[in-house]
Amino acid sequence: MTLHTTKTHAVHGGTLRYLKHDSVSTGTPMTLSVYVPPGEGPFPVLIWLSGLTCTEDNFTTKAGAYGAAAEHGVIIVAPDTSPRGPDLKGEAVADDPAYDLGQGAGFYVDATQAPWVPHFRMETYVVDELIALIDAEFPTTRTRSISGHSMGGHGALTLALRHPALFRSVSAFAPIASPTRCAWGEKAFTAYLGEDRTGWANHDAALLIEAGAARGHFDDILIDQGDADTFLIEQLKPEQLIAAGEATGQAITLRMQPGYDHSYFFMASFIADHVAFHAERLKR
C-alpha cells in the first residue's frame, strides 16, 4: 500500500496532508486527510469518522480541530465515509438515489449482501487497513482513540466497542445511538447486512453497551448532542445510550447543548473539548 499526497497545507505549526491510496479492503481508491502536529513525535492518533454525505474534506475544512491537535500533540486522521467510483455496483444506487444509502453512506460495517459486497467493507478498512497504514507511514505511538459525527458517531462507538483493544477512548457528536431502532439504520442494515435482524445488534452501540461490550475498557464515553438537532427524536435517540450505560454501570457523559443543531457549527464549537478528552487518555 502506498499513500500518495495530493495536497499539503501548513496549519497551526503542523502539516495537513490530503492522501489517496488503493485499498485492499474495498478494492477501490480511498482518500483521507492526516494532520501531524508540530514537533518530532511520536504522537498518539485520533481517528475521526464523518457522517452521511461527507467526504474527508468536511471535517478537515469545517471542524477547526487542528489548533487543539497542535496544542495536545495529537495526529488526526479523517478518512472518507465509503468507497467511491463510477464502476461500483450500487453506486448511489440508480433505483435508490437517497443520500442515506450508497456512496457517502457506508455506515462503517462490512456488507454481506449484494450488490454491496465486496466494496462496502468500511469496518475492515478502518480497523485493519487504515490503522496499519497510519502506523507505518507516520510517527505514531501506536496508541489511538476514535470519534465521529452522526453516522460517524455510530461508527466510532461501534468500532470502539467491537475492537476495544485498538482504542484508548471514544467520543461522538450526535451519534446514531441505536441504528436498529431508527429509519436510517434499518434501511442501511437491511441493504448491507440483510433482512435477518439477528446480526444487527452487533453494530448497534446501545445494544453493544447493554451487552457489556464497554465494561472494563472505557472509563467514560463522551457524547455531545444539540437540543435543536432536527434528527434528535426520530433518528439519533441518545437516551438509548444512557439507558444502556445505567443498566451496565458504564459511565457515559451526555452533554445536551442548548440551541445547537446537526451542522459543523456544532462540532466546531466543542471539538477542542473532545481532542482534550482523548489526549488525556492517550497520554496516560
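Below, the structure is looked at part by part. (Residues numbered from 1 in each chain as written. Predicted model: local features only at pLDDT ≥ 70, side-chain atom pairs only at ≥ 80, totals over all residues. Heavy atoms only, no water.)

**Let's talk about the overall build of the protein**
A tally of helices and strands in the protein yields nine helices and nine strands. A compact globule built from 284 residues should have a C-alpha radius of gyration of about 19 Å, and the protein, at 17 Å, falls within 12% of that. By its C-alpha atoms, the protein is 50 × 45 × 35 Å across when sized along the principal axes. In the protein, which comprises 284 residues, the proportion classed as buried is 58%. In the protein, once contacts between residues fewer than 6 apart in sequence are set aside, the share between residues at least 24 apart is 72%. When the accessible surface of the protein is split by element, carbon and sulfur atoms take 52% of a total near 11000 Å². Of the charged side chains in the protein, 20 are positive and 33 negative, and the gap between their average positions amounts to 4 Å. (Helix = DSSP H or I, 4+ residues; strand = E, 2+ residues; numbered from the N terminus. Rg over C-alpha atoms; globule rule 2.2 N^0.38 Å. Buried < 20%, exposed > 50% of the residue type's maximum accessible area, 1.4 Å probe, protein only. Contact = heavy atoms within 4.5 Å. Areas by Shrake-Rupley, 256 points an atom, 1.4 Å probe, with all protein chains shown as cover. Lys, Arg positive; Asp, Glu negative; His and termini not counted. Charge placed at Lys NZ, Arg CZ, Asp CG, Glu CD.)

**Some remarks on the sheet that holds strand β9 (residues 252-257)**
Here we have three strands laid out as an open sheet, ordered β7-β8-β9, and parallel in their pairing. Of all the strands in the sheet, just β7 (171-173) and β9 have a single pairing partner and so form its edges. Pairwise comparison of adjacent strand axes, ignoring direction, gives a mean angle of 10 degrees for this sheet. Bridge analysis of β7 against strand β8 (residues 221-226) gives three bridges, and the strand direction is parallel. Bridging from a neighbouring strand, Phe-173 pairs with Asp-224 of β8. (Pairing = 2+ DSSP bridges. Axes fitted to C-alpha atoms, helices over the stretch in contact; angles between N-to-C directions.)

**What about the sheet that holds strand β5 (residues 75-79)?**
The strand order β1-β2-β3-β5-β4-β6 describes an open sheet built from six strands, whose pairing is mixed. Only two strands of the sheet have a single neighbouring strand rather than two, namely β1 (4-11) and β6 (140-148). Shown here is a sheet whose adjacent strand axes are inclined to one another by a mean of 20 degrees, direction ignored. Of the pairings in the sheet, the one linking β1 to strand β2 (residues 14-22) comprises seven bridges and is antiparallel in character. From the neighbouring strand, His-4 faces β2, where its bridge partner is Lys-20.

**A short note on the pairing of β5**
Within β5, five of the five residues are buried, which leaves it mostly tucked inside the rest of the structure. Burial of the side chains of β5 extends over both faces: Ile-75, Val-77 and Pro-79 are buried on one face and Ile-76 and Ala-78 on the other. The pairing of strand β3 (residues 29-36) with β5 spans four bridges and is antiparallel. Its bridge partner being in β5, Leu-32 is matched across the sheet by Pro-79. Pairing of strand β4 (residues 43-49) with β5 involves three bridges; the strand directions are parallel. Each bridged residue has a counterpart across the sheet, and for Val-45 the counterpart in β5 is Ile-75.

**Focus: helix α3 (residues 122-137)**
At Leu-130, α3 shows its maximal bend, which comes to roughly 35 degrees. With twelve of 16 residues buried, α3 lies mostly within the body of the structure. Among the residues of α3, Met-122, Glu-123, Thr-124, Tyr-125, Val-126, Val-127, Glu-129, Leu-130, Ile-131, Leu-133, Ile-134 and Asp-135 are the ones counted as buried. Elements in contact with the buried residues of α3: β2, β3, β4, β5, β6 and α4 (151-162). (Bend = angle between axes of the 7 residues up to and from the residue.)

**Structural notes on the nonpolar core**
Ranked by internal contacts, the top residues of the largest apolar core, which has 88 residues, are Phe-59, Phe-107 and Tyr-192. Considering each element in turn, this core owes the most residues, eight residues, to α3. Ignoring sequence-local partners within four residues, the contact set of Phe-59 consists of Trp-48, Ser-50, Ala-65, Tyr-66, Ile-76, Ala-78, Tyr-264 and Ile-271. (Core = buried A, V, L, I, M, F, W, Y, C linked by side-chain atoms within 4.5 Å.)

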